[in-house]
Amino acid sequence: MPLLYVDLIEGRKPAEVRGLLDAIHNAVVEAFGVPQRDRYQVVRTHAAHEIVALDTGLGIDRSARLVVLHVVSRRRPKELKERFYKLVAGNLAERCGIDPADLIISVTENDDDDWSFGHGRAQFLTGELK
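Residues numbered from 1 in each chain as written. Predicted model: local features only at pLDDT ≥ 70, side-chain atom pairs only at ≥ 80, totals over all residues. Heavy atoms only, no water.

Caption draft 1: Fine view of the sheet that holds strand β2 (residues 40–46). Ordered in space as β2-β1-β3-β4, the four strands form an open sheet in which the pairing is mixed. Of all strands in the sheet, those with a lone pairing partner are β2 and β4 (103–110), marking the two edges. The average undirected angle you get between the axes of adjacent strands in this sheet is 15 degrees. Judged from the eight bridges that link them, strand β3 (residues 67–74) and β4 form a sheet pairing that is parallel. Residue pairing in the sheet places Val-67 in a bridge with Leu-103 of β4. Sitting on the sheet, helix α1 (residues 14–32) touches β1 (3–9), β2 and β3, and the angle it makes with β1 is about 145 degrees. Sitting on the sheet, helix α2 (residues 78–96) is in contact with β1, β3 and β4, with an inclination near 145 degrees to β4. (Pairing = 2+ DSSP bridges. Helix = DSSP H or I, 4+ residues; strand = E, 2+ residues; numbered from the N terminus. Axes fitted to C-alpha atoms, helices over the stretch in contact; angles between N-to-C directions. Contact = heavy atoms within 4.5 Å.)

If you want it as structure tokens, here you go:
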């Protein structure tokens with residue numbers, strides 16, 4: 001946990017997608033201190049016309065290499081989220097050649113009772129996870 005949804009414009013090769021996912025996961029582990037096997041990622045690809053990502057008046061130019069990352073997570077302090085944003089942007093730039101302008105991140109927070117990792121149990125509530 002967290003659960004990550006990565007939306008991309010179609011056309012990337014499987015190795016590129018894996019590199020993206022690895023770079024993002026490394027940022028999750030480093031920023032949030034989660035275990036290495038705490039990895040839940042879903043990739044969705046879209047035709048270019050199916051994603052509209054303007055700049056909210058910030059003057060950001062985007063390309064077809066756009067990465068939209070939606071993170072569903074337990075509550076995290078603001079400082080950890082800011083560190084996470086920087087780590088993801090840096091990892092994607094360094095490892096995948098993705099311009100930080102082509103990265104949008106949104107975090108949706110929830111509570112321990114909002115998670116079940118299998119077997120129909122709420123593992124944070126049962127004490128199986130902390």
